[in-house]
Amino acid sequence: MSFVEYGDTIKDGDTAIVFLGHESMFPVKVQHGSKTQTKYGVIRHSTDLIGKRYGSKVTCSKGGWVFILHPTPELWTMNLPHRTQILYSTDISLITMMLELKPGSIVCESGTGSGSLSHAIIRTVAPTGHLYTVEFHQQRAEKAKEEFQEHKVEHLVTVKNQDVCKNGFGVSNVADAVFLDIPSPWEAIGHANSALKIEGGRICSFSPCIEQVQRTCLAMEEHGFTEINTLEILLRVYNVRTISLQIPDLGKAAEDNSSTGFDSSNQSNQGSLYGILQQGTAQFKSGVPLKEMVGHTGYLTFATKSLF
């Protein structure tokens, strides 16, 4: 199992996603002899998981069933253990596009946090690219390195435990893109500029507060970055459903009834009247926005390193 290479069968040591429903899933490390408890009963790794194909429907001890899914960066974002606040797929998708990431890209990132964006970047730059990720907190850095090894992507990422604002990324003139998600990104703009290739590159800074954005933009201008712009993404989800509405009676049906002597008060005619009303309905698909939506997550500031 690897987060960048799909495997058909579940093996001992794999990380798999136990899918109970769209709103209920969790990761599990497959180990010979281990058991995982769910609301539908026990899953025995040796007999129920190892050797089965990913996507299999597994029956639990109480008779309920779950699906076992191959891990992806998107599923990992939804199920990872939170060590910090994380970026979700809405922001991640724009970041990977605006930074112009592709297979073979070299990327510098700080901070690593829970590794949500890191896994997405690794999948995007594989198989020949590389991610240099810097985390200030030692325990988070060690845990991230351990997860990358478990997910078999350690050859695509280098984890460093240091202060990026003081010591930078540890590389110079190699990166195609730089991403910053730290409290004071303006203090690391100079190091980001040094890490980017001489011929140019892209930079992105994620900040929840507009005051951080203002100081970061000023620092970008001071270091010669161009095409500076700030975006905010608000995702609005719609509920698509089938609606049945009565076709309006514009008078023709009433005229037809009166001309034929139709008596709606007569009990024997009420069944016919109901049939007419049933025939006068139309079904169609309608999209209705949810009453609640995710609001502000953060501001994304993008810029380009100038060639001059």
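Parameters and conventions
- Residues numbered from 1 in each chain as written.
- Predicted model: local features only at pLDDT ≥ 70, side-chain atom pairs only at ≥ 80, totals over all residues.
- Heavy atoms only, no water.
- UniProt positions renumbered as here; feature names shortened; annotations may be inferred.
- Core = buried A, V, L, I, M, F, W, Y, C linked by side-chain atoms within 4.5 Å.
- Buried < 20%, exposed > 50% of the residue type's maximum accessible area, 1.4 Å probe, protein only.
- Helix = DSSP H or I, 4+ residues; strand = E, 2+ residues; numbered from the N terminus.
- Contact = heavy atoms within 4.5 Å.
- Phe/Tyr/Trp six-rings, centres within 6.5 Å; stacked < 30°, edge-to-face > 60°.

- The chain carries the name tRNA (adenine(58)-N(1))-methyltransferase catalytic subunit TRMT61A in an unreviewed UniProt entry, which gives Chelydra serpentina as its organism.
- The UniProt entry for the chain carries the following comment under Sequence similarities (unreviewed entry): "Belongs to the class I-like SAM-binding methyltransferase superfamily. TRM61 family."
- Its UniProt record, at the heading Subcellular location (unreviewed entry), says of the chain: "Nucleus".

## Overview of the nonpolar core
Okay, step 1: If you look at the biggest cluster of nonpolar residues, it comprises 46 residues, and the most contacted ones within it are Val66, Ile68, Ile95, Leu99 and Phe179.
Okay, step 2: A per-element tally of this core places helix H4 (residues 116-125) first, with five residues.
Okay, step 3: Apart from residues no more than four positions distant in its own chain, phenylalanine 179 is found in contact with Leu87, Ile95, Leu99, Cys108, Glu109, Ser110, Leu117, Cys204 and Phe206.
Okay, step 4: In terms of nonpolar packing, the next biggest core, distinct from the first, is built from 21 residues, Cys108, Phe169, Ala188 and Ile203 among them.

## Details of the packing of aromatic side chains
Okay, step 1: On inspection of all chains with the given rule, the structure shows two aromatic pairs.
Okay, step 2: When the ring of phenylalanine 3 is compared with that of tryptophan 76, the centres are 5.8 Å apart and the planes differ by 90°; the resulting orientation is edge-to-face. Placement of phenylalanine 3 in the segment before strand S1 (15-21) and of tryptophan 76 in helix H2 (residues 73-79) is noted, with a sequence separation of 73 residues between them. Tryptophan 76 matches phenylalanine 3 in its accessibility class, with the two residues each being buried.

## Section: the environment of glycine 129
Okay, step 1: Within the secondary structure layout, glycine 129 lies in the loop between H4 and strand S8 (130-135).
Okay, step 2: Looking at glycine 129, the relative accessible area reads 6%, which means it is buried.
Okay, step 3: Distance in space between the C-alpha atoms of glycine 129 and leucine 156 is 6.8 Å, their sequence separation being 27 residues.
Okay, step 4: Those residues within four positions of glycine 129 in sequence are excluded, and the remaining contacts are Gly104, Ser105, Ile106 and Leu156.

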